[in-house]
Amino acid sequence: MITFPSFYKPINGLAPILWLLGISLLNQACQEKKFDHPLAANEDVARYMENFEGRGDLTDPQSSPTAPEDAVRAFQLPEDLEIELVLSEPDIVQPIHMSFDHKGRLWVVQYHQYPYPEGLKITAIDNHTRVSFDKQPEAPPEGKRGADRISVFEDSNGDGTFDTSFDAISGLNIATAVALGRGKIWVMNPPYLLAFADKNEDGLPDADPEVHLEGFGLQDTHAVANSLHWGPDGWLYGVQGSTTTSHIQSKNSEAVAFSGQAIWRYHPEKQEFELFAEGGGNNPFYLEFDRKGRIFSGSNGYGRGPYYKQGGYYIKSWGKHGALTNPYAFGHLPNMPLSGENKRFTHAVMMYEADLLPPKYRNKMMALNPLHNYIQLTALEENGSSFSNKDIGLLVETTDKWFRPVDIKTGPDGAIYLADWYDSRLSHVDPRDTWHKSSGRIYRIKPTAQAISRPSIDFSKANFTELATWLQHPNKWYRQQALRQFADRKDKNALPELLPLFRSENPQVALEALWAINLSNGFKGEFVKQALQHPDAHVQMWTIRLLGDEKSISEDIFPTFIQLAENHSSAEVISQIASTIKRLPVNQALPALEALLHQDLDPNDPDIPLLVWWALESQIGNDLSAVLAWWDNPTNWNNPVSKSHLAGRMMQRLVMGNHYEAAIDFLTTSPNESFDQVLVNGFYEGMVGRDLTAVPQKLLNEISGKEQEATPFQMELRAGDFAHLPDALEWVRDEKQSLKNRLSLISLFGEVKAPATVPVLLDLTKSGDSPSTLKQAAIHSLKNFNQPEIGKGMAAIYPGIRGDSYVREEAIRLFSSRPEWARAFFDEITETKVIHKADVPYHLIRKFYALEAEDITKNTEEIWPESKPLNGEQINESIKYWKKVASQGKGNALTGKQVFVTECGTCHRLGENGGEIGPDLSGYDRTDLDYWLLHTINPNADIREGFETMELTLKDGRKIIGKLVKDEGGVKYIAPPLGGKGEYVSDADIHTIKFSQTSIMPERLFEELQEEEVRDLLAFILNQ
């Protein structure tokens, strides 16, 4: 066993990032110390942590753990399966990761140190509970000794009982995963990937660890790098969760910075690190390779996550989790669609690919749901180049609310092993360490009444003949262990055993052989040609992927690759071809893309069109002239994917990259008028949030010439030429002109900010003849001007427009965007009383608080006292009161459903109907009264991913509040959460960004209801 002492060095650059992301609580360095908190580095942090009100699924002080044997009896499974206890406290506590090694021993990472590294102080904390520390921990053996440990359990006699154990490594400080290979024990211990030498493979390190990677984020230890797993290609794969930011340093590859979700991999011999895919789900904390080498991860959301394609960009909450590393992605791939009950959340997924369980369970996905205490069984159905998911039943369920499954593996015996965190608390959005810290279980699922045994085994002592035999084993675990041995040995002498397997008629055996041959240095020459022409699509797909890992294809292989790109009909193979092209040099990538576009690609495939775009986009920075020449071939325009996904994005990419001359050349190659409009639209997409002053007049003329319905004066004004501004103003006033062109010019006035347009915009808003859409657009454009008189002018106009709710609310958004405009609005409410306070809905009242002006906050509280935020004491008293009300009688669920529709259904879905402004409540635990009372009375307690609002302060003082929908190429698109016109904002115009800690949901919902209505509503929500 190896243990570590401790000391730390300062961290660089983390606090400024967290300042931008959230609420900085960092005190001045010279502030006198007035606090005593074991984790806080300053008084503000200490106060925040000590006064935290709690949110999410928190520790339940009224419940206690069930004894392990009793917990097993509470499980419900299908009749043909049973579950048994394998390990429990005190042998294991807080297990977070399991793996079986080459001897069949069970390795368990015990996450005792969670949630904070030992010896570090918190200097800042944001509203997502992301923290900044005062130091970065040193890599072992330096640094403070933590409480995490990695333990090994062995079944010494093969009877199914783990009867011996030892701690392989202890003293770790936030350790999330372990993997064995290459004569080392690999440990994910953010910010480091460590490798402990273990030449004799006894499970005990021979020496201090070597740091192979450095820079994994520690801001949220619920979302740190995790789940080490050897891929069939010999790379070590891992996952990063959502709310961390990493800057990875490795020996032989450039530093890689990325924020939020990602699948990453590391080549231990080449010592190279790369991102495999970005985004996906809410907080991935698991990694699964299926029998074909596909990658899946738990999404921590409503579905089952994505099927990750190499080089793909997947959905994430841009505001909370950060932008993609490629600002020109111009889109993202979806998670697999789900047919089933959308209950949050699936933490981890595993494909059962063994033969112990009955056939109906084989090749099915088993998804852990720690929030609802069950395991879902899900089938995968082909969906173009990806899959859709269909739930087919529950594998395990229990009424024990402490059951928190966090890891799932297939064992050497073919049984399913479950790691159970076992805690009444689940939510990480609470900075206090109230975790149970003394419980944890591992269970085994097997056929009913069937004894479990396992023969003695040691893959490290197997010869090549034995390893080749194990490549054909029905249990995927055996095949993966055999592949690890081939990767460890890298011995060409294995090829005589493997080449006959490659010629097997069994496609799975051929695929396993391909992987082993590659790991044994046999992937070259004539063999690669044979593999490209193999009858099995997955063998072809993996051959293509392995070729891409070399970053170039040899001249003798390239023609065969091109032929495959031109003719393949398998959607999965086509998607891999696109992914591989992204990795090739331009002289190979462009011919391969051209070959691929000879096929009639499906523009509606869930993955292929964007994968093809990313392949093309990757070459623009390498050789722009070659990419432009590629478009000279008419064939490349004819593919349906070109019109739907490539041509417009190409133009957008050129103008966003300031390649104006190239954009002119590209326009001239357009084959017809239909593509002209695609390119014109791409041009305007690329110029959103930017002015045209730097754009060459020739390009503007070309765009104008190709527009079918050009808005008059648009190009001149965008380019800063105001000679025809008077004519444009007259055009906007002219009711005979098309509304479309008038709206376009009004929007343009807000972009160019010419002062002469302000009186006209005010007149249009005031005029009774102006359509509502035009008035709304005029008000929206007026927000961009920093002129005090606009507030007074709009306040005077307001009584004439209040009858139209859309126009009225746009005007209120204007008043709430600048302090001086808010004051003018308030004067009309409190002094002249021309405006009635009842005009302003709750979600717009909240915008005035965001101005952070003392007098405006005071006036807001006086005018709308119901909007004043509740303090902790008021929240607690309200919860007690309404809990007492709920206990005084039984509500009517049928009546409560109508209350829900009226009071909640506009924003929330519960069941089949409802809105999408707030989270879908269908997937939440509908048995916990305390949870629903807390989050209804205090909706600010936990603002779910994807529903956060950002508060942007521009350099001219204007406030913009809304949801970040898009963040590409230095321009953000912000949309109001409850409707209204969104707007594009250039990063260059932003002074500060922070997340709002206030939900758009009102706090005093129950105060508007009768007590009987509240009981009815709760009866409906709680399924009573």
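For the structure, check the block above.
No experiment lies behind these values; they were computed from the predicted model shown. (Residues numbered from 1 in each chain as written. Predicted model: local features only at pLDDT ≥ 70, side-chain atom pairs only at ≥ 80, totals over all residues. Heavy atoms only, no water.)

**Comments concerning the packing of aromatic side chains**
Evaluated as defined, the whole model comprises 52 aromatic pairs. Ring centres 6.0 Å apart and planes at 15° place the aromatic pair Phe 330 and Trp 613 in the stacked group. Remark: Trp 613 occurs in helix α14 (residues 608-620) and Phe 330 occurs in the loop between α4 (318-321) and β23 (338-339); sequence separation between them is 283 residues. You can call Phe 330 buried: its relative accessible area is 6%. Taking the relative accessible area as the measure of exposure, Trp 613 reaches 0% and is therefore buried. Among the aromatic residues, those joined into a ring-pair cluster are Tyr 798, Phe 815, Phe 825, Phe 826, Phe 848 and Trp 864. Across from the ring centre of Trp 235, 3.8 Å away, lies the NZ or CZ of Arg 265, which sits over that ring. When the ring centre of Tyr 307 is taken as reference, the NZ or CZ atom of Lys 309 above it lies at 4.8 Å. (Phe/Tyr/Trp six-rings, centres within 6.5 Å; stacked < 30°, edge-to-face > 60°. Helix = DSSP H or I, 4+ residues; strand = E, 2+ residues; numbered from the N terminus. Buried < 20%, exposed > 50% of the residue type's maximum accessible area, 1.4 Å probe, protein only. Lys NZ or Arg CZ within 6 Å of the ring centre and 35° of its normal.)

**Brief notes about helix α23 (residues 739-752)**
In this model α23 runs 20 Å from its N-terminal to its C-terminal C-alpha over 14 residues, within 8% of the 20 Å that 1.5 Å per residue would give. For α23, the full list of buried residues reads Asn 741, Arg 742, Leu 745, Ile 746, Leu 748, Phe 749, Gly 750 and Val 752. Just past α23, the residue Lys 753 takes up positive phi, approximately 60°. (Expected span 1.5 Å × (residues − 1).)

**Thoughts on the pattern of salt bridges**
Close approach of charged atoms allows side chains with opposite charge to pair. The final tally for this structure, using the stated rule, is 50 salt bridges. Notably, a salt bridge pairs Glu 201 with Arg 484, separated by 3.5 Å at the nearest N-O pair. Taken together, the positions of Glu 201 in the loop between β12 (192-197) and β13 (210-214) and Arg 484 in helix α6 (residues 476-489) put the pair 283 residues apart, joining distant regions of the chain. With a relative accessible area of 5%, Arg 484 lands in the buried category. Its salt-bridge partner being Glu 951, residue Lys 994 comes within 3.9 Å of it at the nearest N-O pair. Taken as a pair, Lys 994 in strand β35 (residues 990-995) and Glu 951 in strand β31 (residues 950-954) lie far apart in primary sequence, 43 residues in all. Salt bridges sharing partners connect three or more residues here, namely Arg 182, Glu 201, Glu 269, Arg 484, Asp 488 and Lys 490. (Salt bridge = Lys/Arg side-chain N within 4 Å of Asp/Glu carboxyl O.)

**What about the environment of Phe 749?**
Relative to the helices and strands, Phe 749 is located in helix α23. The buried category is assigned to Phe 749, whose relative accessible area is 0%. Spatially, the C-alpha atom of Phe 749 lies 9.7 Å from that of Gln 714, the residues being 35 residues apart in sequence. When neighbours within four sequence positions are excluded, Phe 749 is seen to be in contact with Leu 717, Leu 725, Ala 728, Leu 729, Val 732, Ala 754, Thr 757, Leu 761 and Phe 785. (Contact = heavy atoms within 4.5 Å.)

**Focus on the state of the cysteines**
What makes a disulfide is a covalent bond joining the sulfur atoms belonging to two cysteines. For the structure on display, the rule yields zero disulfides. Here Cys 904 is not cross-linked by a disulfide; its sulfur's nearest cysteine counterpart is in Cys 907, at 8.7 Å. What makes Cys 904 buried here is its relative accessible area of 12%. Judged by its relative accessible area of 24%, Cys 907 is partly exposed. (Disulfide = S-S within 2.5 Å.)

**Here's the deal with the nonpolar core**
Met 366 and Phe 683 are the most contacted members of the largest nonpolar core, which totals 219 residues. Listed in part, the 50 residues of the second largest apolar core include Ala 728, Phe 749, Ala 754 and Phe 785. (Core = buried A, V, L, I, M, F, W, Y, C linked by side-chain atoms within 4.5 Å.)

**Points about a negative patch on the surface**
On the surface, Glu 866, Glu 903, Glu 1008 and Glu 1013 cluster together into a negatively charged patch. Mapped onto the elements of the fold, Glu 866 is located in the loop between α30 (854-863) and α31 (872-887). (Patch = residues over 30% accessible without salt bridge, like charges linked within 9 Å, V, L, I, M, F, W, Y side chains within 5 Å. Areas by Shrake-Rupley, 256 points an atom, 1.4 Å probe, with all protein chains shown as cover. Lys, Arg positive; Asp, Glu negative; His and termini not counted. Charge placed at Lys NZ, Arg CZ, Asp CG, Glu CD.)

**Remarks on unusual backbone geometry**
The omega torsion of the bond from Pro 140 to Pro 141 falls at 10°, within 30 degrees of zero and hence cis. Within the secondary structure, Pro 141 is located in the loop between β7 (136-137) and β8 (148-154). In this structure, Pro 191 follows Pro 190 across a cis peptide bond, with omega equal to 15°. Looking at the element boundaries, Pro 191 is found in the loop between β11 (184-189) and β12. Even without being glycine, Ile 174 reaches a positive phi, approximately 75°. Mapped onto the elements, Ile 174 comes out in the loop between β9 (164-172) and β10 (177-181). The phi torsion at Gln 271 lies on the positive side, around 55°, for a residue other than glycine. Secondary-structure assignment places Gln 271 in the loop between β18 (262-267) and β19 (272-278).

**Remarks on the sheet that holds strand β21 (residues 295-296)**
One open sheet holds the three strands; their spatial order is β20-β21-β22, and the pairing between them is antiparallel. One side of each edge strand has no neighbouring strand; the edge strands of this open sheet are β20 (288-289) and β22 (307-308). When β20 meets β21, the two strands line up antiparallel, connected through two bridges. What sits directly across from Glu 288, in β21, is Phe 296. (Pairing = 2+ DSSP bridges.)

**Considering the sheet that holds β19**
Spatially, β14-β15-β18-β19 is the arrangement adopted by the four strands of the open sheet, whose pairing is antiparallel. Among the strands making up the open sheet, the edge pair consists of β14 (226-230) and β19. Strand-to-strand twist of the sheet, defined as the mean angle between neighbouring strand axes without regard to direction, takes the value 25°. Sheet topology places β14 next to strand β15 (residues 236-240); three bridges connect them, and they run antiparallel. Across the sheet, the residue bridging to Asn 226 is Val 239, located in β15. (Axes fitted to C-alpha atoms, helices over the stretch in contact; angles between N-to-C directions.)

Everything listed here is a matter of coordinates, which is why it stays silent on function.
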